[in-house]
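# Coordinate analysis (summary)
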Amino acid sequence: MKITHRFAALAAVVAAGTATLTMTLPSAAEAAAAGFPTCDLSEKVKELQRWDTNNQYNIIVWKESARASSDLHGVAAQDFANFHECKNTVQHSNYFWAAFREGTFVHQGDGGYRNWAFVGNFQRDGETVRFFPR
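A brief report on the enclosed structure follows.

Calculation notes
Residues numbered from 1 in each chain as written. Predicted model: local features only at pLDDT ≥ 70, side-chain atom pairs only at ≥ 80, totals over all residues. Heavy atoms only, no water. Pairing = 2+ DSSP bridges. Helix = DSSP H or I, 4+ residues; strand = E, 2+ residues; numbered from the N terminus. Axes fitted to C-alpha atoms, helices over the stretch in contact; angles between N-to-C directions. Buried < 20%, exposed > 50% of the residue type's maximum accessible area, 1.4 Å probe, protein only. Core = buried A, V, L, I, M, F, W, Y, C linked by side-chain atoms within 4.5 Å.

### Description of the sheet that holds strand β2 (residues 67-73)
Strand order in the open sheet made by the 4 strands is β2-β5-β8-β7, with antiparallel pairing throughout. Because the sheet does not close on itself, it has two edges, and the strands there are β2 and β7 (122-125). Strand-to-strand, the axes of this sheet are offset by a mean angle of 10 degrees, without reference to chain direction. Pairing of β7 with strand β8 (residues 128-131), which is carried by 4 bridges, proceeds in the antiparallel orientation. Directly across from Asp125, in β8, lies its bridge partner Thr128.

Dropping the structure here:
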């Protein structure tokens, strides 16, 4: 099943008022075929935005080593997958994503789209991003 179909099903359940859900990314084979853009995580954010047609959620994607801390509330969907790091056929890293209502994410280390990307209603102060309901 394509990720867009999974998101359509998720959106219907969320609209029906069901409690917080956990969603899975495509299988490793599906993800490899679709390509997880580890060199530019903003591309994954754009992909995840497609299911949220009413712009109800903040969305963030990050490489595991880029998170100092996070406190996300109203999580509608989240998951992680392990992929080759950008332009590295040996090194693998975990990449996480979440669609949520509000919260805080504190970034650590090197910035840039290889490590994190996000969209929504937010205020950024250096490496700390506060997300507000949309």
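### Points about the pairing of β8
Every second residue of β8 is oriented toward a common face, the buried set being Val129 and Phe131 and the non-buried set Thr128 and Arg130. Examined bridge by bridge, strand β5 (residues 102-107) and β8 share 4 bridges and lie antiparallel to one another. Along β8, the bridge assignment pairs Phe105 with Val129. Hairpin remark: β7 followed by β8, antiparallel, with 2 residues in the connecting loop; positive phi at Gly126, about 65 degrees.

### Section: the nonpolar core
In terms of nonpolar packing, the biggest core is built from 16 residues, with Phe36, Leu41, Leu48, Trp51, Val61 and Ala99 touching the most fellow members. Of all elements in the fold, only α3 (42-49), β1 (58-63), β3 (77-84) and β4 (92-100) reach the threshold of two or more residues within this core. Grouped together as the second largest cluster of nonpolar side chains are 11 residues, Val75, Phe105, Phe118 and Val129 included.

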